[in-house]
Amino acid sequence: MQTIAERLKITYERIDQATAQANRPSNSVQLLAVSKTKPVSDIRLAYEAGQRLFGENYIQEGVEKVQALADLHDIQWHMVGPVQSNKTKLVAEHFDWVQSVDRAKIARRLNDQRPAALPPLNICIQLNIDNEDTKAGVTPAQLPALIEEIGQYPQLKLRGLMAIPRAQVGVDEQQRSLTRLADLFAQYHTKLSDFDTLSVGMSDDLEAAIGHGSTMVRIGTAIFGERNQ
Ligand SMILES: *Cc1c(COP(=O)(O)O)cnc(C)c1O
């Protein structure tokens, strides 16, 4: 079996190759290691191999890991899962980024509960790019209002968009989704300062996502192996 360090290296090679193939500058795509359901010992192994950006899906589990790894000062923690309004305080206090904001109420609470001693919380709006009933995220039509709302909050810094395109579709449909997403991102990227992050691409589709302008891929399985849950 491969070690986490080996899997991480292979993943960085995939990213480099896809970036070169898309004629994009090297280092224009960041890797977020999604460690949900995996033990803190796995996160330490990835950290020792040089990884610094980690993503978690479940708030309680995420906060426990942030606390257990508080000695690793330069980890950047991203919440990528659903944020219920009664959990916003925990998220505002422990995370550096929240990529899954899709409601004004959640944004307002994160702003109000972000401790003043910490820098503004980095935010991505989750976009439901394929209009799937089962998926969180705003529709493209709802996006402008939420962007304007978040722009008013001093303790939030709006960094971009996050999306989970529909899995297991044909190449054409996947390309159409990714193109729609890239077009929306480009509109705001040119208008707003700090709006520099397009978070899309997972273990199975990182190449396609990088081909369509992703600046951050979120990778779990390819680094940490299959999840049991
Ligand atoms: C689990 C998860 C990932 C990682 O998915 P893999 O297919 O294991 O790479 C990325 N983004 C989100 C939002 C996730 O929940």
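Residues numbered from 1 in each chain as written. Predicted model: local features only at pLDDT ≥ 70, side-chain atom pairs only at ≥ 80, totals over all residues. Heavy atoms only, no water.

Per an unreviewed UniProt entry, the recorded name for the protein chain is Pyridoxal phosphate homeostasis protein, and the organism is Salinimonas sediminis.

Draft legend 1. Layout of the overall build of the protein chain. From N to C terminus, the protein chain includes nine helices and eight strands. The globule rule puts the C-alpha radius of gyration for 229 residues at 17 Å, and the 17 Å found for the protein chain is close to it. When its C-alpha atoms are laid out on the principal axes, the protein chain stretches across 45 × 45 × 35 Å. When contacts within the protein chain are restricted to residue pairs at least 6 apart in sequence, long-range pairs at least 24 apart make up 59% of them. Roughly 11100 Å² of accessible area belongs to the protein chain as shown, and the carbon and sulfur atoms make up 48% of that amount. On the protein chain, the mean spot of the 25 positive side-chain charges and the mean spot of the 28 negative ones are 3 Å from each other. (Helix = DSSP H or I, 4+ residues; strand = E, 2+ residues; numbered from the N terminus. Rg over C-alpha atoms; globule rule 2.2 N^0.38 Å. Contact = heavy atoms within 4.5 Å. Areas by Shrake-Rupley, 256 points an atom, 1.4 Å probe, with all protein chains shown as cover. Lys, Arg positive; Asp, Glu negative; His and termini not counted. Charge placed at Lys NZ, Arg CZ, Asp CG, Glu CD.)

Draft legend 2. Fine view of the environment of valine 40. Assignment of secondary structure puts valine 40 in helix α2 (residues 40-48). Given a relative accessible area of 30%, valine 40 falls into the partly exposed group. The spatial distance from the C-alpha of valine 40 to the C-alpha of isoleucine 10 is 21 Å, given a sequence separation of 30 residues. Residues contacting valine 40, with those up to four places away along its chain left out, are Lys65, Ala68 and Leu69. (Buried < 20%, exposed > 50% of the residue type's maximum accessible area, 1.4 Å probe, protein only.)

Draft legend 3. Spotlight on the UniProt feature "modified residue: N6-(pyridoxal phosphate)lysine" (unreviewed entry) in the protein chain. According to UniProt, the feature "modified residue: N6-(pyridoxal phosphate)lysine" (unreviewed entry) maps to Lys36 in the numbering used here. The exposure class assigned to lysine 36 is buried, which follows from its relative accessible area of 17%. With sequence-adjacent residues up to four places away left out, lysine 36 is seen in contact with Gly55, Glu56, Asn57, Tyr58, Glu61, Lys65 and Arg227. (UniProt positions renumbered as here; feature names shortened; annotations may be inferred.)

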